[in-house]
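Read off the chains here:
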Amino acid sequence: MSGNGTPERIEALVIGAGFAGLYLLHRLRGLGIAAIALEAGDGVGGTWYWNRYPGARCDVESMQYSFGFSEELQQEWNWSERFAGQPEILAYANHVADRLDLRRDISFKTRATSAVWDEAAARWLVETDTGRRISARQLILATGCLSSARLPDIPGIEGFGGAIYHTGQWPHGGVDFTGQRVAVIGTGSSAIQAIPVIAKQAAQLTVFQRTPNFSIPSRNGPMTEDYAQTWKRDYPARRAAARQMRTGILYHLNPVSALAVPEAERRAEYEARWAAGGTAFMAAFSDLLTNREANDTAADFVREKIRGLVHDPEVAEILLPRNHPIGAKRICVDTAYYETFNLPHVTLVDVRRNPISRITPEGVEAGGATHAADSIVFATGFDAMTGTILAIDIRGRGGLSMREAWAEGPRTHLGLMVAGFPNLFLITGPGSPSVLSNMIVSIEQHVDWVCDSLAHRQRHGFSVMETTPKAQDDWVAHVNEVAQRTLYPQANSWYMGANIPGKPQLFMPYVGGVGTYRQLCDEIAAGGYPGFVFTAGEQVRAAE
Ligand code: NAP
């Protein structure tokens with residue numbers, strides 16, 4: 001039913017059909033809870049549906065960046081590379097949707113625009129951009145952490161004579177840059193992956209860098225049968241171990257301080273990790289994210305590597321990250337990023353020294369010079385963690401809007417619920433490990449916890465669950481306190497909201513670690529959900 005008539009009724013409404021939405025539909029079905037998902041795109045996959053830019057690839061190994069809840073799924077799927085590229089991950093998401101027969105419960109090309117808590121009915125009334133009105137007992141936001149692509153406020157963008165792209169909203173048919181003059185603005189993870197690939201096609205590539213980032217070579221390569229089988233033979237134990245790790249990724253975390261070993265030993269450890277590739281570089285020593293002196297040893301090592309990779313010392317100097325501890329901004333992983341700046345048709349513009357003043361019809365004006373371009377690629381990031389949630393006009397108890405509740409920054413209990421918003425759950429929300437972790441591991445843990453709480457309510461006949469302001473205040477304080485013990489707040493990162501002018505600045509994800517966080521959540525569930533209030537009323541029914 002659409003329009004202003006009686007709204008459609010459903011027990012649970014999921015927003016988003018990325019990995020979180022897919023697993024939710026599967027679990028809810030298993031509980032006998034009628035659920036549907038709304039998805040803005042015309043396919044499943046979330047992040048991997050939208051981010052189709054050249055070179056898009058996961059920086060968690062394929063054998064670990066996949067669902068662990070089903071032995072059949074993990075045995076039957078074969079990855080072709082150590083780090084899977086976007087098309088393969090999207091194919092995997094589609095496989096999961098088909099294998100579990102989830103598509104029939106997903107409404108594609110449908111964006112939720114508002115969600116209002118109806119006190120009398122104890123239900124959410126959700127409206128969409130297609131005019132649908134849906135009444136749902138449970139509302140679960142599986143909206144992703146990096147879903148609101150953001151163009152910067154540079155004047156003149158609309159007057160540009162060529163083509164404009166954002167890495168986070170890439171055209172489905174791909175883009176052929178052959179023979180073109182291409183400008184890339186930004187040097188975060190997306191740009192660092194895209195630049196080497198675009199450079200292979202473009203006649204001329206100009207990269208506009210405001211802040212250099214630390215990037216580690218991925219050493220990506222074809223998946224070997226041996227390596228895949230090592231994992232597949234031992235999947236249950238390995239998945240269980242990964243779930244207890246700080247990042248939800250199984251790798252060797254050296255328990256030793258970087259400052260406790262002689263220089264030669266330290267260097268050997270960094271060299272080994274650099275040669276192995278990937279983000280495990282940051283696990284070289286135990287205190288790289290908590291002790292600045294220790295961190296400096298890793299940062300110095302990577303700066304030295306950059307100097308060695310880039311032939312022109314002046315260009316190398318511009319590429320050296322100096323304004324934040326390594327890892328305090330999301331560490332990047334690349335394939336031949338620094339080497340790309342040795343190519344004769346690639347130019348680096350230091351935007352700090354030559355600020356971008358405007359986009360002209362011909363190209364990008366920076367430091368008084370115009371850099372002509374046929375295409376501009378904005379790799380300028382996202383309104384992370386909160387942008388997509390706040391884009392929906394959400395009103396909880398007493399008409400309280402989420403935008404008001406989060407005016408000073410996001411406040412949640414465990415990143416799972418927000419006081420004043422009953423029966424509304426966030427998956428990998430701010431205040432949970434989310435973006436500091438292997439997202440699929442965190443998604444599974446969140447979905448399991450939410451579904452277990454629903455099963456608990458089914459058993460006890462509670463129709464409404466909410467968190468208390470006190471539990472939320474305590475959790476927010478804990479999240480801040482733990483973050484302050486690390487080097488993370490020392491970087492102006494999107495983790496802090498620093499990339500969006502006017503966004504409140506506080507460290508959004510929970511740095512306590514995936515294993516610790518899981519244990520806390522499990523204890524809360526086992527202890528009868530302290531910090532949450534249940535209202536007995538109309539029994540939550542399996543289907544309405
Ligand atoms: P990002 O990390 O936020 O990077 C945006 C870049 O654009 C930064 O270099 C930023 O410079 C620059 N920028 C923004 N506004 C600008 C302006 N007005 N003028 C000049 N430069 C400007 O975004 P992202 O690269 O899309 O990555 C976002 C996150 O997505 C990553 O951190 C990661 O979590 C995830 N991701 C992961 C992978 C992977 O798994 N390998 C790949 C891609 C993305 P400043 O730093 O100075 O603000």
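No experiment lies behind these values; they were computed from the predicted model shown.

Conventions we followed
- Residue numbers run consecutively from 1 along every chain, following the written order of its sequence.
- Restriction of local features to residues with pLDDT of at least 70 applies here, the model being predicted, together with a cutoff of 80 or more for giving and counting side-chain atom pairs; totals for whole chains, interfaces and linings are based on all residues.
- Computation of side-chain values covers all heavy atoms of the structure but excludes hydrogens and water.
- Put simply, DSSP H or I for four residues or longer makes a helix, DSSP E for two residues or longer makes a strand, and each gets a number counted from the N terminus.
- We compute the radius of gyration over the C-alpha atoms and compare it with the globule rule, which gives 2.2 Å times the number of residues raised to the power 0.38.
- For every residue, the accessible area obtained with a 1.4 Å probe (protein chains only) is divided by the maximum for its type, and the residue is called buried under 20%, exposed over 50%, and partly exposed between those limits.
- For the area figures, the Shrake-Rupley method with a 1.4 Å probe applies, and any residue is considered shielded solely by the protein chains shown.
- The near set for a molecule or strand comprises every residue that places at least one heavy atom within 4 Å of it.
- Side-chain atoms alone can form a polar contact between residues adjacent in sequence; in general such a contact is a pair of N or O atoms within 3.5 Å, and within protein one must be able to donate a hydrogen while the other accepts it.
- Domain delimitation follows an automatic or database domain assignment.
- Here a residue-residue contact requires only that any non-hydrogen atoms of the pair lie within 4.5 Å.

Some points on the overall build of the protein
Next, step 1: Each helix and strand counted, the protein has 16 helices and 20 strands in total.
Next, step 2: Its C-alpha atoms give the protein a radius of gyration of 24 Å, near enough to 24 Å, the size a compact globule of 544 residues would have.
Next, step 3: If you line up the protein on its principal axes, its C-alpha atoms span 70 × 55 × 45 Å.
Next, step 4: Here the protein, with 544 residues, has 59% of them falling under the buried criterion.
Next, step 5: Carbon together with sulfur atoms contributes 51% to the accessible area of the protein, which is approximately 21,000 Å² in total.

A short note on the site of the ligand
Next, step 1: Every one of the 23 residues lining the ligand counts as a neighbour, but Thr187, Ser190, Arg210, Thr211 and Trp494 are closest to it.
Next, step 2: Between a nitrogen atom of the ligand and a side-chain N or O atom of Gln193, the distance comes to 3.0 Å.
Next, step 3: Here the ligand has 920 Å² of accessible area as a free molecule, and 88% of this is covered by the chains.
Next, step 4: When residues are assigned to domains, the shell around the ligand turns out to be shared by domain 1 (8-148 + 384-542) and domain 2 (157-378), each giving three or more.

Considering unusual backbone geometry
Next, step 1: Not every positive phi belongs to a glycine, and Ala122 is a case in point at roughly 50°.
Next, step 2: The residue Ala122 is located in the loop between strand E4 (112-118) and strand E5 (123-128) in this model.
Next, step 3: Of note in the backbone geometry, Arg219 takes a positive phi value of approximately 55° without being a glycine.
Next, step 4: Mapped onto the secondary structure, Arg219 falls in the loop between strand E10 (215-217) and helix H6 (225-233).
Next, step 5: On the accessibility criterion, Arg219 (41% relative accessible area) is partly exposed.

Focus: the side chain of Thr412
Next, step 1: Along the chain, Thr412 turns up in the loop between helix H13 (402-405) and strand E18 (424-426).
Next, step 2: In terms of polar contacts, Thr412 uses its side chain to reach the backbone amide nitrogen of Gly415, at 2.9 Å.
Next, step 3: A polar side-chain atom of Thr412 sits 2.8 Å from the main-chain carbonyl oxygen of Pro430.
Next, step 4: Other than its neighbours up to four places away in sequence, Thr412 contacts Trp406, Met417, Val418, Leu426, Pro430, Gly431, Gln472, Trp475 and Val476.

A few points about the environment of Gly18
Next, step 1: Along the chain, the position of Gly18 falls in the loop between strand E1 (8-15) and helix H1 (19-30).
Next, step 2: Distance in space between the C-alpha atoms of Gly18 and Thr143 is 7.8 Å, their sequence separation being 125 residues.
Next, step 3: When sequence neighbours within four positions are dropped, the list of residues in contact with Gly18 reads Glu39, Gly45 and Gly46.

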